[in-house]
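Spelled out, the chains give:
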Amino acid sequence: MGSTTADARALVTALRSAYAATPIKLKIIDLYVVYALSTVLVQVVYMSLVGSFPFNAFLSGILSCIGSAVLAVCLRMQVNKENKEFKDLPPERAFADFVLCNLVLHLVIMNFLG
């Protein structure tokens, strides 16, 4: 039991030191993803406490937050310098794709609301 605790602490320490070397731009994107997913959690808790009378509004909120988080993860993959798959893609183009896809996502969400 003690060795698993020590292994878990070593893993957390290694992850923390590796994440410290992450560029600030990627950390900001990570914060946005955490914010979007925590908003999903807040909406689910609110729905479970109050009820889901306008269910399409609840679904729209959930899908909007999850879609934004997925698009942000895609942006993080494209902006990351260590990712060799997108080495020829300029960061400005990746951000423009992110904004355009977010616009399309939210237009679909607004259409779903009615």
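Structure's up top.
Residues numbered from 1 in each chain as written. Predicted model: local features only at pLDDT ≥ 70, side-chain atom pairs only at ≥ 80, totals over all residues. Heavy atoms only, no water.

Throughout the structure, instances matching the rule amount to two salt bridges. Two residues, aspartate 30 and arginine 76, come together in a salt bridge whose shortest N-O distance is 2.6 Å. With a gap of 46 residues between them, aspartate 30 in helix α2 (residues 24–50) and arginine 76 in helix α3 (residues 55–79) connect regions that are remote in the sequence. Its relative accessible area of 22% is what places arginine 76 among the partly exposed residues. Notably, a salt bridge pairs arginine 93 with aspartate 97, separated by 3.3 Å at the nearest N-O pair. Here aspartate 97 and arginine 93 lie together in helix α4 (residues 91–113), a separation of four residues that amounts to about one turn. By relative accessible area, aspartate 97 is classed as partly exposed at 25%. (Salt bridge = Lys/Arg side-chain N within 4 Å of Asp/Glu carboxyl O. Helix = DSSP H or I, 4+ residues; strand = E, 2+ residues; numbered from the N terminus. Buried < 20%, exposed > 50% of the residue type's maximum accessible area, 1.4 Å probe, protein only.)

What follows concerns a nonpolar patch on the surface. A cluster of nonpolar side chains, contributed by Leu41, Val45, Tyr46, Leu49 and Val50, occupies part of the molecular surface with about 560 Å² of accessible area. Looking at where leucine 49 falls in the secondary structure, it is placed in helix α2. (Patch = residues over 30% accessible without salt bridge, like charges linked within 9 Å, V, L, I, M, F, W, Y side chains within 5 Å. Areas by Shrake-Rupley, 256 points an atom, 1.4 Å probe, with all protein chains shown as cover.)

This brings us to the packing of aromatic side chains. As enumerated under the stated definition, the model contains three aromatic pairs in all. A ring pair is formed by tyrosine 32 and phenylalanine 98, whose centres lie 6.4 Å apart and whose planes are at 85°; its orientation type is edge-to-face. With tyrosine 32 in helix α2 and phenylalanine 98 in helix α4, this residue pair connects regions lying 66 residues apart in the sequence. Using a relative accessible area of 14% as the deciding quantity, one classes phenylalanine 98 as buried. With centroids separated by 6.1 Å and ring planes inclined at 35°, the aromatic side chains of phenylalanine 95 and phenylalanine 98 adopt a geometry described as tilted. With phenylalanine 95 and phenylalanine 98 both in helix α4, this residue pair falls three residues apart, about one helical turn. Take phenylalanine 95: its relative accessible area is 48%, and that puts it in the partly exposed class. By way of ring pairs, the aromatic residues Tyr32, Phe95 and Phe98 are connected into one cluster. (Phe/Tyr/Trp six-rings, centres within 6.5 Å; stacked < 30°, edge-to-face > 60°.)

Turning our eyes to something else, we now look at α2. Look at α2: 38 Å from first C-alpha to last across 27 residues, which is about the 39 Å you get at 1.5 Å a residue. Within α2 the residues assigned to the buried category are Leu26, Ile29, Asp30, Val33, Ala36 and Val40. Count one or two residues on from α2 and you reach glycine 51, which has phi positive near 120°. (Expected span 1.5 Å × (residues − 1).)

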